[in-house]
Amino acid sequence: MNPFQEKPKKCEDFIMDWQKIYPNAYDKNTVDPYTKCRIILMNGIEVEAAFFGHNFHRNCSNNDLRRELAEIRRDEQQQQKHINWLSPGDESQLETTIGYEHLAVDLTAWLAAHEPDPYVKSCMDFALLEDFDHLYRYANLLKMDKNIPAHILVQEYIEITPGRPTIAHHRHPYDTVRRDRNFKKADIRTKLGALILTAGEQQTMNFYMNIGNTYENDLGRNLYQEIAMVEEQHVTQYGALLDTSSSWLENLLLREYMECYLYYSFYTDETDRNIKRIWEQHLQQEIIHLHKVAALLEKYEKKSWEEIVPGEFPELLHFENTKEYVREILASQIQLTADKENFVSVDQLPKEHDFFAYQKLVNKPIKKVPSHEVILNFEEHFGEDYRHEDHPSPVEELQDRTQDNTKLGRTPNAQLAAAMTE
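Quick caveat: nothing in here was measured; it's all calculated off a predicted structure.

Topic: the layout of surface pockets
Phase 1: Reported here for the largest pocket is a volume of approximately 380 Å³.
Phase 2: The wall of the largest pocket is formed by 21 residues, among which Asn43, Asn84, Tyr100, Gln203 and Phe207 lie closest to the centre.
Phase 3: Every element with two or more residues in the lining of the largest pocket is listed here: helix H2 (33-58), helix H3 (63-84), helix H4 (93-113) and helix H7 (188-211).
Phase 4: Here the element with the most residues in the lining of the largest pocket is H2; it accounts for 6 residues.

Below you can see the structure in the form of structure tokens.
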């Protein structure tokens, strides 16, 4: 599909009254997990659209242009409410959180598997193993506090088993910054992937930092607090990949193109008829926005949209089983950490590296690190952790269900030490 070949309607054709903007929520017991993933992602995409629009507004002195931005932003705000209220009132924050982490894993894995830029792919793979572990930690909390097995919620689309231990995710801020990409030369898949994951991880960060303190007990509140800090690192990482030389209008065009791409992808795949109609409506709205921004780019910067994005969409984003891809990355990258813009094995870091200094500051004592404490408590009560695997972990050190590993990814030669002990 080429959205520039579509004839746009008018913004006012889609203004929703209070009855239209309030959708029929999905049934949490029967909804397809990938429908939930699509809803969570598009909520985050629309939140990013609002944030970006407000920042553009605050950095623009031309009120004629600001009025155009305000009209687009009002549409985006209605879309965000239309999507976010699809989540039912009887779904707990922790059940929703399982959906957030399921999305993070399968979205990141799909994008990484289709990413043509090796450096960008390495960034995606790196964060993938961290979100995968977050799913495991939250799943154990859900089973312990609510006796709800998370694999029922995700319908076994994804395995629930340890990734790179969350305790190892905490790094010095200097090591969260990545190299920006030149969007003038980058493949459109790279541009879309960086934008999508920046928005997706930002939404996860926002969700955790705003609802984490409302959890019913201290252990859960602490877990949300810890993982929210990791999500901030992910937002920093993906945001660093964006092209800093692009103008505000070029960036806005990219975002509108991304929204068209995602809504068309999800309209194509959606199995829920009610929600499929929402994706179709929002696609039509985004086509309006895309054409409007292309005209603004031509008017104010004398640039054509062809200089920024292609017409035809690349391969559509498709949620699917990524279990084998995740296992492959888990087996090969469990000991990786960050060294400024690069990823290296923790075995290769000098003793005086900032990573070790930061770890000593935040992870003390080890047994009180929330992500570790959740598993310790579960093992104490039930004898072994909660997980749902097709096969034992591809990392031997993660196969013991009675002992949470706190060394992988943070201690030099952790795998070698385990082998020598045996």
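There's plenty left to go through after this.
A closer look at the side chain of Gln202
Phase 1: Tracing the chain through its elements places Gln202 in helix H7.
Phase 2: In this structure, Gln202 is in contact with Glu48, Phe51 and Val235, ignoring residues within four places of it in sequence.

Focus on the environment of Glu270
Phase 1: Turning to its location among the elements, Glu270 is positioned in the loop between helix H9 (248-269) and helix H10 (273-301).
Phase 2: As for Glu270 and Pro118, which are separated by 152 residues in sequence, their C-alpha atoms are 31 Å apart.
Phase 3: Aside from chain neighbours lying at most four places away, what touches Glu270 is Thr35, Arg38, Ile275, Lys276 and Trp279.
Phase 4: There is a polar contact of 3.1 Å between the side chain of Glu270 and the backbone nitrogen of Asp272.

Concerning unusual backbone geometry
Phase 1: Residue Pro365 follows Lys364 across a cis peptide bond; omega there is -15°.
Phase 2: Of note, Pro365 is situated in the loop between helix H12 (354-362) and helix H13 (370-382).
Phase 3: With a phi close to 55°, Asn147 is a non-glycine residue in the positive phi region.
Phase 4: Here Asn147 lies in the loop between helix H5 (118-146) and helix H6 (150-153).
Phase 5: Although it is not a glycine, Asn413 sits at a positive phi angle of roughly 60°.
Phase 6: Mapped onto the secondary structure, Asn413 falls in the loop between H13 and helix H14 (414-421).
Phase 7: Given the relative accessible area of 37%, Asn413 is considered partly exposed.

Examining the packing of H7 against helix H8 (residues 218-240)
Phase 1: Where H7 meets H8, the axes come as close as 8 Å, and the angle between the chain directions of the two elements is 155°. Between H7 and H8, the angle falls in the class roughly antiparallel. As H7 runs across H8, the sense of the crossing is left-handed. Residues Ala194, Leu197, Thr198, Glu201, Gln202, Thr204, Met205, Tyr208, Met209 and Ile211 of H7 touch H8, and the partners they reach there are Tyr224, Ile227, Ala228, Glu231, Glu232, His234, Val235, Tyr238 and Gly239.

Focus: the pattern of salt bridges
Phase 1: The tally for this structure, following the rule as stated, stands at 26 salt bridges.
Phase 2: Of the charged contacts in the structure, one is a salt bridge between Glu301 and Lys303, with a shortest N-O distance of 3.2 Å.
Phase 3: Judged by its relative accessible area of 23%, Lys303 is partly exposed.

Quick notes on the pairing of strand S1 (residues 336-339)
Phase 1: Of the pairings in the sheet, the one linking S1 to strand S2 (residues 342-345) comprises 4 bridges and is antiparallel in character. Residue pairing in the sheet places Ala338 in a bridge with Phe343 of S2.
Phase 2: Counted along the chain from S1 to the antiparallel partner S2, the turn is 2 residues long, and its residue Lys340 has a positive phi close to 55°.

Focus on the nonpolar core
Across soluble globular proteins, you tend to see nonpolar side chains buried next to one another.
Phase 1: Ranked by size, the top nonpolar core spans 111 residues in total, and within it Leu107, Ile196, Leu253, Leu262, Trp279, Val309 and Leu317 carry the most contacts.
Phase 2: Once residues lying within four places of it in the same chain are set aside, the contact partners of Leu107 are Leu41, Ile196, Leu197, Leu317 and Phe319.
Phase 3: Membership of the second largest hydrophobic core comes to 5 residues, among which are Val346, Leu349, Phe355 and Phe356.

Topic: H10
Phase 1: Between its first and last C-alpha, H10 extends 41 Å over 29 residues, near the 42 Å set by a 1.5 Å rise per residue.
Phase 2: N-capping of H10 is provided by Asp272, with a side-chain oxygen placed 3.0 Å from the backbone N of Asn274.
Phase 3: With its phi angle positive at about 55°, Lys302 sits one or two positions after the end of H10.

Criteria and cut-off values
Counting restarts for each chain, with residues numbered from 1 along the sequence as it is written. The model is predicted, so local features are restricted to residues of pLDDT at least 70 and side-chain atom pairs to those at 80 or more, both for listing and for counting; the totals for chains, interfaces and linings are taken over all residues. Heavy atoms throughout the structure, all of them, feed into the side-chain values; hydrogens and water do not. Buriedness for pockets is judged along seven lines, at least five of which must meet protein on both sides within 12 Å for an open set on the 1 Å grid over protein atoms alone, while cavities are sets there where a 1.4 Å probe fits but cannot get out, and lining residues have an atom within 4 Å of a point. Grid points are joined across faces, edges and corners, and a volume is the space filled by probe spheres set on the points. Strands here mean DSSP runs of E at least two residues long; helices mean DSSP runs of H or I at least four residues long; both are numbered from the N terminus. By definition in these notes, contact holds between two residues if any of their heavy atoms fall within 4.5 Å. In protein, a polar contact means a hydrogen-donor-capable atom and an acceptor-capable atom, both N or O and within 3.5 Å, with residues adjacent in sequence counting only if both atoms are side-chain atoms; elsewhere, any N or O pair within 3.5 Å suffices. Relative accessibility thresholds used throughout: buried, under 20% of the residue-type maximum; exposed, over 50%; partly exposed, between the two (1.4 Å probe, protein chains only). Axis definition: a line fitted to C-alpha atoms, over the contacting stretch in the case of helices. Angles run 0 to 180 degrees between N-to-C directions. An angle counts as roughly parallel when it lies under 35 degrees, as roughly antiparallel when it exceeds 145, as roughly perpendicular when it falls between 65 and 115, and as oblique in every other case. Should the near helix be turned anticlockwise from the far one by less than a right angle, the crossing is termed left-handed; should it be turned clockwise, right-handed. We define a salt bridge as a contact between a side-chain nitrogen of Lys or Arg and a carboxyl oxygen of Asp or Glu at a distance within 4 Å. In this scheme, strands are said to pair when DSSP sees at least two bridges between them. Definition of nonpolar core: a set of buried residues of the types Ala, Val, Leu, Ile, Met, Phe, Trp, Tyr and Cys, connected through side-chain atoms within 4.5 Å. In this scheme, a helix's expected span is set at 1.5 Å multiplied by one less than its residue total.

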